[in-house]
Amino acid sequence: MNTTAHMNYGDWEVVQEGFDQNFLGKTESIMALGNGYMGIRSAEDETYTGETRNTFVAGTFNRFDENEVTELPNVPDFAKTNMTFNGKRFALSKGEVLDYRKALNLKNGELTRTFTWEYEELALKFTFRRFVSKLNYHLYASQIVIENLTDTPVATTITAGLDGQRTNSGSQHFAEGTKGILEDTYLQMTPTTTQSKIDFAFTLTHTLDGADSKRVADIGRRRITRDECFELQARGKVTYEKRVMVYTSIDNDVANHAVKNLGQISIDYLKEIAPVKFDKLLADSAEAWQKIWDTHPIRIDSQNPQDQLAIRFAIYHLHAMTPAHDERMNIGAKGLSGEGYKGHTFWDTEVFMLPYFNFSFPEIAKSLVTYRYLGLRGAHTKAASNGFDGAQYPWEAAWPSDGEVTPVWGAVDIVTGQATKIWSGFIEQHITSDVAFGIKQYMDVTGDLDFAREMGYEILIDTARFWASRLEYKDDGVSAFYEINDVIGPDEYKEHVDNNAYTNYTAHWNMGYAIALIDRLKSDEPEIYAKLDEKFNLSNLTAELSLKLPMVYLPQPTEDGIIPQDDSYLGKQIIDLKKYKDADGVDSLFHDYNLEQVNQMQITKQADVLLLMLLFENLFEKDLKLKNFDYYEPKTTHDSSLSLSTHAILSADLGKLDQSYDFFQKAINIDMGSYMKSSDAGIHAASLGGIWQMIVFGYGGVRMVDGKLRIEPHLPKEWTELEFGFDYQGESLTLKVDKTGMTLVKSDNGNDVHFTSKGAQYTLQNKLTISQ
């Protein structure tokens, strides 16, 4: 790919060297700023054709039109800052740009840009800095330092403000509200979302140091700006700073949500911090980030330094995008870094991202699983609308009570020229057992009995109710059994299939676990049993589940040891996928085929049977896993960013460490790699959780298996040592692994920790070393 821009990396930095207007989206996404409350794509301060300027506030979903689904609205842009010098508009697309460097410091969340710009008579040196505060979630701050490198003064105008003309690819989500300049200092705009009626208050103030300026305001439709007009002296320097406060009427840290009050709170805080230097505000935010870095740090001694950076990159973005402050919100598939997937929550949370929080920040994990409890109403609505009982979770979720919000139409079909119908919201039903699996994993790792009794048990039973009603009875004359037809499994290239193995096995697990849970509650926790019995009539439900469970059809291995992905997969055409697997980007397959054609081939988008074998590893012998890995991986395009981490972990389990490390390298380069178009739509959130899983679950060997802790490390040859911490049922542990074995240390004298390793039982009291 021909470009003057390229990526570079340091210990804590993601760096772009060189500017190329054709590839703006890469760093807009992978250098996105956020604190879980709001997220900002790191578009350049000045504007360009082809850019994507996005700012999102978590949970503020709105539906533009009854024919569209709800999405996170792109809120008014306050990061934009345009400039003119001697009447010439500043843009790096003209003139000469020297020493361009754009960098995200993962450690403190600061974005910087530095370069020298020469254009006609102008020679200017720029330093841009910005951050979203991790201490005060409502605060954004930026600073621009401009140095005149010539002996001639430069007439300069800096224009900034609030641009409410932003849309979501054309959909305008806001009624304008009020706007104006208060106290001759504060630019304020208070729009309201059109359908969800969420009020916003945006308040901006700016200062200029190093020159006397004339201020000129301009108010237009959905925008308010103010110019700083001044003369930049010969060899002179100015510093321009901007501070913005963002509040909404659904914020849970504000008592009075009236718009007037939100605006006044903003002004009061901006007054309070007016004397505080930019560097001090950044240091306060960095201190909040440091608390995250000090919690279970991960150290990798590798031949490839980028391996260490990859986990820092993943952890930074996981905390930048996760709304840890509010249990009514969850993680979007693109986090808060882009419009992709409309800010919706998928199974990505439970299967790929929740494990990181379970083992590292259990209080955040609790918020994420509580979101699913709050979503029961929407799950009941979906089940009932489809003629089922219980809780059928939506494939895509937004505000927890909204229920299903998956769009109906998607990308163009290259054969018909028409939009392709998105069937996931109708028939990709494994999401329900994925949610149940995530709830169970949270309870196993944390030992949080309060959550289990108040919410978790109810979800696990309610989802089992759904599966019991979803099963379809069949008598083929030889045997009678229950099957699950017309579904999409994790492999979304196979639509309308019967008896997808992943779906059937996970539904079977969900039902079986509910039976055991109800039985245990009846004998051990009669009060909890009685409360749930009022809701579910547990004796009748147990009888139904017990009758149907042994008759659920579970696809069995063929004579060659292959678990059929579904009833029809193994009979479909096989083609050579090398061309598509080697291509940059994803979906190159669809340059040659439409989805209906791909549906008739043995082509898998992402791990399906193999994911089942990873999540429920005790159900399958190693030899069977090997045969299925060797069968399905060559047929997998890895067109989903969820795929590579599963393959990396499973291949490590199977002793294929060289292949595993190759998957690991490909996985960490989904966003960090050199391909400059990989992240245009936003960061790949689930793949970031996958990076942590590859390191901790894969090479560190920490895993929950059948509700018990198991630790079986295996390092790739490129690594000499791995050290990380994790939480387990209230205890803080540190694991150090090298080629000779592992050492496990418990940080206090709390409860003993019991775990297994290679079939042996161990008890950790304080410190334990196990040789290889």
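Not measured: the values here are computed from a predicted model.

1. Some remarks on the pairing of strand 25 (residues 708-711)
Bridge analysis of strand 24 (residues 702-705) against strand 25 gives four bridges, and the strand direction is antiparallel. Pairing of Met704 across the sheet is with Leu709, part of strand 25. Taken together, strand 24 and the strand that follows it, strand 25, pair antiparallel across an intervening segment of two residues, in which Asp706 is found at a positive phi of about 50°.

2. A look at the sheet that holds strand 5 (residues 55-57)
With antiparallel pairing, the three strands of this open sheet are ordered in space as 3-4-5. The open sheet terminates on both sides in strands that have one partner only, identified here as strand 3 (33-34) and strand 5.

3. Examining the environment of Gln172
Its place among the elements puts Gln172 in the loop between strand 12 (154-163) and strand 13 (174-182). Residue classification places Gln172 among the buried residues on the basis of a relative accessible area of 16%. Along the backbone, Gln172 and Thr194 are 22 residues apart, and their C-alpha atoms lie at a distance of 8.7 Å. Residues contacting Gln172, with those up to four places away along its chain left out, are Phe64, Gly164, Gln165, Arg166, Thr167, Thr194 and Arg222. Polar contacts involving the side chain of Gln172 include one to the main-chain amide nitrogen of Phe174, which spans 3.0 Å.

4. Things to note about the sheet that holds strand 12
The five strands are arranged 7-6-12-17-16 in an open sheet whose pairing can be described as antiparallel. The open sheet has two edge strands, strand 7 (88-89) and strand 16 (214-220), and neither has a second partner. Relative to strand 12, strand 6 (residues 81-85) runs antiparallel, the two being bridged by five bridges. Across the sheet, residue Phe85 finds its bridge partner in strand 12, namely Thr156.

5. Looking at the nonpolar core
Within the largest apolar cluster, 183 residues are counted, with the highest numbers of intra-cluster contacts made by Phe78, Ile298, Trp347, Ile695 and Phe726. By size, the runner-up hydrophobic cluster in this structure holds 27 residues, among which are Leu24, Met83, Tyr119 and Leu124.

6. Points about the pattern of salt bridges
One pass over the structure, following the stated rule, counts 51 salt bridges. Salt bridges linked by common partners bring Glu44, Asp45, Glu46, Lys102, Arg113 and Arg130 together as one network.

7. Considering helix 11 (residues 501-524)
Taking 1.5 Å as the rise per residue, helix 11 with 24 residues should run 34 Å; its terminal C-alpha atoms sit 34 Å apart, in good agreement. The N-cap of helix 11, judged by a side-chain oxygen 3.3 Å from the amide nitrogen of Tyr502 a few residues on, is Asn500.

8. Focus on the packing of helix 17 (residues 622-632) against helix 18 (residues 643-653)
Two elements in contact, helix 17 and helix 18, have axes whose closest approach is 10 Å; the angle formed by their N-to-C orientations is 135°. Taken together, helix 17 and helix 18 sit at an angle that is classed as oblique. As for how helix 17 packs across helix 18, the hand of that crossing is left-handed. Along the contact surface, helix 17 presents Lys622, Lys625 and Phe629, while helix 18 presents His647, Leu650, Ser651 and Asp653. Split into classes, the residues belonging to the contact of helix 17 with helix 18 amount to two nonpolar, two polar and three charged.

9. Side note on unusual backbone geometry
For Lys197, which is not a glycine, the phi torsion comes out positive at approximately 60°. Note that Lys197 resides in the loop between strand 14 (186-193) and strand 15 (200-209). Take Lys197: its relative accessible area is 56%, and that puts it in the exposed class. One non-glycine residue, Tyr341, lies in positive phi territory at about 65°. With respect to the helices, strands and loops of the structure, Tyr341 is situated in the loop between helix 4 (306-321) and helix 5 (348-360).

10. Brief notes about the packing of helix 4 against helix 20 (residues 685-699)
Axis separation between helix 4 and helix 20 bottoms out at 9 Å; the angle between their running directions is 135°. Here helix 4 lies oblique to helix 20, going by the angle between them. Note that helix 4 runs across helix 20; the crossing there is left-handed. From helix 4, Ala310, Ile311, Phe313, Ala314, His317, Leu318 and Met321 reach across to helix 20, where they touch Ala685, Leu688, Gly689, Ile691, Trp692 and Ile695.

11. A look at the environment of Gly390
Its location among the elements puts Gly390 in the loop between helix 7 (376-385) and strand 20 (409-412). Since its relative accessible area comes to 7%, Gly390 is described here as buried. Spatially, the C-alpha atom of Gly390 lies 34 Å from that of Tyr632, the residues being 242 residues apart in sequence. Here Gly390 is in contact with Ala379, His380, Ala383, Asp462, Arg465 and Phe466, once residues within four sequence places are set aside.

Rules of the game
- Residues numbered from 1 in each chain as written.
- Predicted model: local features only at pLDDT ≥ 70, side-chain atom pairs only at ≥ 80, totals over all residues.
- Heavy atoms only, no water.
- Pairing = 2+ DSSP bridges.
- Helix = DSSP H or I, 4+ residues; strand = E, 2+ residues; numbered from the N terminus.
- Buried < 20%, exposed > 50% of the residue type's maximum accessible area, 1.4 Å probe, protein only.
- Contact = heavy atoms within 4.5 Å.
- Polar contact = N/O pair within 3.5 Å; in protein donor to acceptor, adjacent residues only side chain to side chain.
- Core = buried A, V, L, I, M, F, W, Y, C linked by side-chain atoms within 4.5 Å.
- Salt bridge = Lys/Arg side-chain N within 4 Å of Asp/Glu carboxyl O.
- Expected span 1.5 Å × (residues − 1).
- Axes fitted to C-alpha atoms, helices over the stretch in contact; angles between N-to-C directions.
- Parallel < 35°, antiparallel > 145°, perpendicular 65-115°, else oblique.
- Left-handed = near helix turned anticlockwise from the far one by under 90°.
- Nonpolar A, V, L, I, M, F, W, Y, C, P; charged D, E, K, R; others polar.

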